[in-house]
Amino acid sequence: MEIRQNQINFIAALKRSIPVNMNMADEVSELLDISADSAYRRLRGETDLSLEEMIILAKAYNISLDSALLSGSKMVSFRTNELSSEVSGFADYLGVLHSDLKWIRQWPNAKITYAAEDLPVFYHFFFPQLARFKMVYWNKSILGNNALNSAYVEDVNIPDSWRSEVPKIIEVFSQMPSIEIWHEDTLKSTIKQIEYYVQVGYFKQKDTLIALLEELHNLISMVRKQAESGHKMNPKSQDFLDTPFEMYASEVMIGNNCVLLNSDVQNATYISYNTFNFIQTKNETFNQQTIEWTRNLLSKSNRISEVSEIGRAKYFNKQIQLIDELRQRLLL
């Protein structure tokens, strides 16, 4: 009975993971190298799926086997990225972001809920100086890339693979409805990273630093405009999109970056670690806990999008003040 239930659970997870425009039986038939009739019998539960077959399907569609084999267990499996200290490794990170956003978008009512201990990673991609700084900081200071030991920020070129992935991420993210929860300290880690690089002499030119702070100012201005309108915007054209945007200011410490991709069909939770990287799970029990956690956090936060003009002004003026104070400390 337990084996049968495991297969039922696994098939349900498989149905949620295969894109809606694909024939499930055809996909199973091709991956397992079996006939279409054999695939249908497995999907109907008339023929048992072997563990080897489950593993093949799980790898193909990023299904966590705990959804079937550990049903009812408190064990949760997570997917992690295999990061390297090579600058090119950042492109792999970008590829995962793009593919996961595309994956959740196929389901009805898909959206992002982002509890932001630090600046949401997606905003960096709209601003090239900020994106390069973050890439250098990650590779140089977090991953310890020896090739960058003596390099200035200006000496590091954005890889071509980065240039090809970033527009794809921007396009998908711009089309995804978002709920963002920021704290008054959300900007502070980026402020401290910039200040540290100034103190240790990793900027060659003052103009680079001036441009970086200007982009940071423009990022906050972009988010403020989105909060005012309740829609995402294109920062280059300054046009507002049809994509809904909600923003909340939390007085409760968030603790870590937590991102929930959820829809009517499938969910996934992302939790940050090692500064920029993340672990991900599709375990539904864990996702439901994340949904409840975000609901609780939202109930203790002040909505500053569309409503609460005074609260919105107070919040964003504080963020601009942090940037201006850094500029004054650096005598720019």
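Read on for an overview of the structure. Sequence positions are assigned chain by chain, starting from 1 and proceeding in written order. Selection of residues for local features in this predicted model requires a pLDDT of at least 70, selection of side-chain atom pairs for listing and counting requires 80 or more, and totals for whole chains, interfaces and linings are taken over all residues. Working from all heavy atoms in the structure, the side-chain values ignore hydrogens and water.

With that settled, consider the overall build of the chain. Of regular secondary structure, the chain possesses 13 helices and nine strands. In this treatment the radius of gyration is a C-alpha quantity, and the globule benchmark scales as 2.2 Å times the residue count to the 0.38 power. Taken against the 2.2 N^0.38 rule, which gives 20 Å for 332 residues, the C-alpha radius of gyration of the chain at 22 Å falls within 12% of a compact globule. Taking the principal axes of the C-alpha coordinates as reference, the chain spans close to 75 × 50 × 35 Å. For the exposure calls, accessible area comes from a 1.4 Å probe over protein chains only, and a residue counts as buried if that area is under 20% of its type's maximum, exposed if over 50%, partly exposed in between. Among the 332 residues that make up the chain, the fraction classed as buried is 49%. Here a residue-residue contact requires only that any non-hydrogen atoms of the pair lie within 4.5 Å. Look at the contacts in the chain between residues 6 or more apart in sequence, and 73% of them connect residues 24 or more apart. Summed over its atoms, the accessible surface of the chain is roughly 16,200 Å², and 49% of this surface lies on carbon and sulfur atoms. By definition, any uninterrupted DSSP run of H or I lasting at least four residues is a helix, any uninterrupted run of E lasting at least two residues is a strand, and each is numbered from the N terminus. Shrake-Rupley sampling with a 1.4 Å probe provides the accessible areas, and residues are treated as covered by the protein chains on show and by no other component.

Secondary-structure assignment places Asp100 in helix 6 (residues 89–105). In this structure Asp100 touches Arg79, Leu261, Tyr270 and Gln280, once residues within four positions along its chain are discounted.

Turning to the pattern of salt bridges, a few remarks are in order. Salt bridges are defined by distance alone: a side-chain nitrogen of Lys or Arg within 4 Å of a carboxyl oxygen of Asp or Glu. Tallied over the entire structure, the rule returns twelve salt bridges. A salt bridge links Glu195 to Arg329, with the nearest nitrogen and oxygen atoms 2.8 Å apart. Taken together, the residues Glu195 in helix 10 (residues 188–199) and Arg329 in helix 13 (residues 309–329) connect sequence positions 134 residues apart. Residues Glu228 and Arg224 are paired through a salt bridge, measuring 3.9 Å at the closest nitrogen-oxygen approach. With Glu228 and Arg224 both in helix 11 (residues 206–229) and four residues apart, the pair spans about one turn of that helix. For Arg224, a relative accessible area of 25% gives the class partly exposed. By sharing partners, the salt bridges in this structure join Glu246, Arg303 and Glu306 into a single network.

A few words on empty space enclosed by the protein. Picture a little ball the size of a water molecule; that probe, rolled over the atoms, points out where space is still empty. Throughout, the protein atoms alone are placed on a 1 Å grid, and a set of points is a cavity if a 1.4 Å probe fits but cannot get out or a pocket if it is open with protein on both sides within 12 Å along at least five of seven lines; lining residues have an atom within 4 Å of a point. Grid points are joined across faces, edges and corners, and a volume is the space filled by probe spheres set on the points. Tallied over the entire structure, the rule returns one cavity of 30 Å³ or more. Roughly 80 Å³ of internal volume is contained in the largest cavity. Along the walls of the largest cavity sit Phe90, Tyr93, Val121, His124, Phe125, Ala131, Lys134, Met135, Trp138, Trp162 and Phe276, which together make up its complete lining. When contributions to the lining of the largest cavity are tallied by element, the ones reaching two or more residues are helix 6, helix 7 (121–124) and helix 8 (128–142). Residues were grouped as follows: Ala, Val, Leu, Ile, Met, Phe, Trp, Tyr, Cys and Pro as nonpolar; Asp, Glu, Lys and Arg as charged; and all remaining residues, including Gly, as polar. Of the residues belonging to the lining of the largest cavity, the class tally is nine nonpolar, one polar and one charged.

Note that every value here comes from positions in space, so none of it alone points to a role or purpose.
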